[in-house]
Amino acid sequence: MKKYDVVTSISYPKKGAMGKTGSWRVFKPKLDKNKCVKCLQCWVFCPEGVITKNKDGTIDIDYEYCKGCGVCANVCKVKAIIMEREAEG
Amino acid sequence: MKVMIDTGNYVAAKAAVMAKPDVIAAYPITPQTTLVEGIARYVATGEFKGEYICVESEHSAMSACIGASAAGSRTFTATSSHGLLLMHEMLHWAALARLPVIMCNINRVVGPGWNIWADQNDSIAQRDTGWIQFYCSSNQEIFDTVLQSFKLGEHKKVGLPVMINYDAFVLSHTSMPVYVPEQKEVDDFLPSFKPLWKLDVDNPITFGNIIGPAYYEKVRKAMQDAHEAAKTLVPEIAKEWKNKFGRYHGDLVERYKCEGAEYILMAMGAIGAESKVAIDNLRAEGLKIGLARVRTFRPFPAEEMIKLGKQADLIVIDRNISIGSEGALFNETKASLYNKSDAKVHGFIAGLGGKDVTYQDIQNICKKVINGKAKDFEWYGLEGD
Ligand code: SF4
Ligand code: SF4
């Protein structure tokens with residue numbers, strides 16, 4: 001990757017350039033794999049790209065970076081994702 | 001080398017087009033309008049081969065230049081007064097992103113009351129945006145400074161936007177003869193633009209992303225260092241220009257008859273040119289007075305001020321007022337001298353709202369100081385006298 005020798009606000013593509021953004025979360029998407037029908041709507045809509053698609057078509061959520069926006073829970077037609085308040089403390 | 005007899009605005013348009021920018025985005029506003037019109041003429045004749053974007057506001061003009069510059073294009077724009085103020089937010093963006101957008105600003109009153117004449121409050125209000133600011137006092141200086149500014153702003157040690165200021169109508173609409181070099185000579189002087197960074201699909205990066213406090217502070221410090229570098233590069237580039245084209249307007253400060261002077265008059269812009277006549281007349285009367293015309297207000301030539309303050313007492317004429325304080329040049333001159341020189345510094349506000357400041361007025365100001373009649377800070381000719 002080409003790097004520039006200048007001090008200004010530019011950043012290079014990198015996983016988690018802003019650190020563990022999962023710590024910003026107030027609500028946590030909780031996935032019920034039994035209800036999930038593998039339609040991948042959440043995978044398409046997650047604005048952070050933190051829903052991963054596994055080889056067998058199932059999905060997982062990367063909680064290190066998920067910011068808890070709730071979009072996935074909203075687009076899931078079978079309610080396989082529900083938002084739960086993060087444990088206090 | 002040809003001679004072109006034309007107004008400051010048409011001369012600026014010629015210089016801008018000779019720099020071969022890839023993108024010019026501008027919106028017309030009095031008294032800058034004829035500059036934009038001049039560029040449109042070069043689009044029509046085919047002399048300007050870049051993209052000319054007629055935007056719907058000055059905020060958009062600066063935004064378009066920022067986008068184009070971020071994509072690696074050489075850019076130019078021009079504005080005045082309220083147009084400059086509408087750009088304010090984007091002026092910070094251009095500077096913080098280290099994008100060398102080059103812009104002419106024709107110094108005009110800020111309203112209300114509605115008034116289109118010369119006054120520097122528009123650009124003085126932008127002094128903390130990080131832009132380099134030049135103030136010109138002749139059409140030849142406008143032409144030369146526009147071309148030198150591309151080289152300065154794009155220099156790898158600078159990488160900052162540059163604002164070339166000149167007085168409404170006094171320069172923008174007054175014809176003077178100007179030497180114009182051949183295109184090839186300009187090409188030799190000004191190499192193609194090598195951006196410090198750019199948006200590039202083959203090397204994707206994010207621009208203007210969030211950064212934490214510690215990084216942000218470093219961004220500001222790097223801009224400050226770039227202004228320090230400009231203090232050395234402005235005279236270097238001016239000297240290279242002089243060697244190629246034989247003309248020199250001074251570097252950060254133009255000195256005129258300062259040898260042996262016990263008083264030195266200071267001003268920016270067209271008043272600086274008028275002052276030369278006043279200095280000639282006062283010298284003819286035997287008074288030991290010289291002129292230091294400040295060309296760069298940012299970076300502020302503090303070291304030059306100290307040298308002047310060690311030699312003489314200073315008389316500062318400001319065509320601007322920082323309301324609640326003083327004239328901007330007066331204020332910053334004194335700040336530079338603090339603890340370094342005990343020169344007396346007198347400040348005068350003159351020529352606001354485009355009021356004429358004639359060589360006679362300038363002589364009156366100087367004599368008032370020399371005769372010990374001047375206050376530390378005063379308004380000249382407020383009653384219309
Ligand atoms: S809550 Fe938002 S960020 Fe987290 S997985 Fe769902 S859509 Fe993505
Ligand atoms: S939207 Fe719901 S059903 Fe579809 S893949 Fe995501 S969790 Fe499973």
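Up top is the structure these notes are about.
Everything quoted here is computed from the prediction, not taken from an experiment. (Residues numbered from 1 in each chain as written. Chains lettered and ligands numbered in written order. Predicted model: local features only at pLDDT ≥ 70, side-chain atom pairs only at ≥ 80, totals over all residues. Heavy atoms only, no water.)

> Can you help me understand a nonpolar patch on the surface in this one?
Residues M1, V3, I5 and Y179 of chain B make up a contiguous nonpolar surface patch of about 420 Å² in total accessible area. Structurally, V3 of chain B is set in strand β1 (residues 2-7). (Patch = residues over 30% accessible without salt bridge, like charges linked within 9 Å, V, L, I, M, F, W, Y side chains within 5 Å. Areas by Shrake-Rupley, 256 points an atom, 1.4 Å probe, with all protein chains shown as cover. Salt bridge = Lys/Arg side-chain N within 4 Å of Asp/Glu carboxyl O. Helix = DSSP H or I, 4+ residues; strand = E, 2+ residues; numbered from the N terminus.)

> What should I look at first to understand unusual backbone geometry in this one?
Trans is the common state for peptide bonds, and a negative phi is the common state for residues other than glycine. The step from T30 of chain B to P31 of chain B runs through a cis peptide bond, and the omega angle for that step is 5°. Take P31 of chain B: it is sitting in the loop between β2 (23-26) and α2 (33-45). For the peptide bond that leads from G111 of chain B to P112 of chain B, omega is -10°, which places it in the cis range. Residue L40 of chain A is not a glycine yet carries a positive backbone phi of 70°. Structurally, L40 of chain A is set in the loop between β2 (27-31) and α1 (41-45).

> Where do I start with the sheet that holds strand β16 (residues 377-379) of chain B in this structure?
Hydrogen bonding along the main chain pairs the strands of a sheet, whether they run parallel or antiparallel. Residue and element names in this part refer to chain B. Here 6 strands make up an open sheet; going across it, the order is β10-β12-β11-β14-β15-β16 and the pairing mixed. Looking at which strands have only one partner, the edges of the open sheet turn out to be β10 (253-256) and β16. Strand-to-strand twist in this sheet, taken as the mean axis angle between neighbours without regard to direction, amounts to 20°. Each of β10, β11 (263-267), β12 (289-294) and β14 (313-318) is contacted by helix α11 (residues 302-311), which is oriented at about 25° to β10, the strand it contacts most. (Pairing = 2+ DSSP bridges. Axes fitted to C-alpha atoms, helices over the stretch in contact; angles between N-to-C directions. Contact = heavy atoms within 4.5 Å.)

> Please clarify how the site of ligand 2 should be interpreted in this entry.
The environment of ligand 2 is made up of 13 residues, and the closest members are C36, C39, L40, C42 and C76 of chain A. A majority-of-atoms criterion places ligand 2 in the largest cavity. (Near = heavy atom within 4 Å. 1 Å grid on protein atoms, 1.4 Å probe; cavity = no way out; pocket = protein on both sides within 12 Å on 5 of 7 lines; lining within 4 Å. Sits in = over half its atoms within 2 Å of the grid points.)

> Can you help me understand the interface of chain B and chain A in this one?
A common way to report how large an interface is uses the accessible area buried once the components associate. At the interface, 19 residues of chain B touch 12 residues of chain A. The contact between chain B and chain A buries some 1,300 Å² in all, and 62% of this surface belongs to carbon and sulfur atoms. By the criterion of area lost to chain A, the three top residues of chain B are W197, N203 and I205 of chain B, representing 31% of everything that side buries. Summed over the shared surface of chain B and chain A, the number is 0 salt bridges. If you list the elements that add at least two residues to the side of chain B that touches chain A, you get β9 (206-207) and α9 (213-245) of chain B. Taken together, the residues that form the side of chain B that touches chain A break down as 11 nonpolar, 4 polar and 4 charged. (Buried area = accessible area lost by both parts, 1.4 Å probe. Nonpolar A, V, L, I, M, F, W, Y, C, P; charged D, E, K, R; others polar.)

> Looking at this structure, I do not really get the site of ligand 1. What am I missing?
Near ligand 1 lie 14 residues; those nearest to it are C46, C66, C69, G70 and C72 of chain A. Taken together, the residues that form the shell around ligand 1 break down as 10 nonpolar, 2 polar and 2 charged.

> Explanation requested: empty space enclosed by the protein in the structure shown.
Rolled over the atoms, a probe with the dimensions of a water molecule shows which regions are left empty. All names here are of chain A. Taken as a whole and assessed by the stated rule, the structure comprises 3 cavities of 30 Å³ or more. Class assignment of the residues belonging to the lining of the largest cavity gives a composition of 11 nonpolar, 1 polar and 1 charged. Taken as a whole, the second largest cavity spans an internal volume of roughly 80 Å³. Lining the second largest cavity are 14 residues, with C46, C66, G68, C69 and C72 sitting closest to its centre. (Points joined across faces, edges and corners; volume = space filled by probe spheres on them.)

> Can you help me understand the layout of surface pockets in this one?
Put simply, the largest pocket is a space of about 830 Å³. Lining of the largest pocket is provided by 31 residues; of these, S11, A17 and M18 of chain A together with N209 and I210 of chain B occupy positions nearest its centre. Here the lining of the largest pocket takes 3 residues from α9 of chain B, the largest share from any one element. By residue class, the composition of the lining of the largest pocket is 15 nonpolar, 9 polar and 7 charged. Approximately 310 Å³ is the volume attributed to the second largest pocket. Considering the residues around the second largest pocket, the lining is formed by 13 residues, among which G130, M223, Q224, H227 and R298 of chain B are closest to the centre. In terms of residues, the lining of the second largest pocket owes the most to one element, α9 of chain B, which gives 6 residues. Here the residues of the lining of the second largest pocket are counted per class, giving 4 nonpolar, 3 polar and 6 charged.

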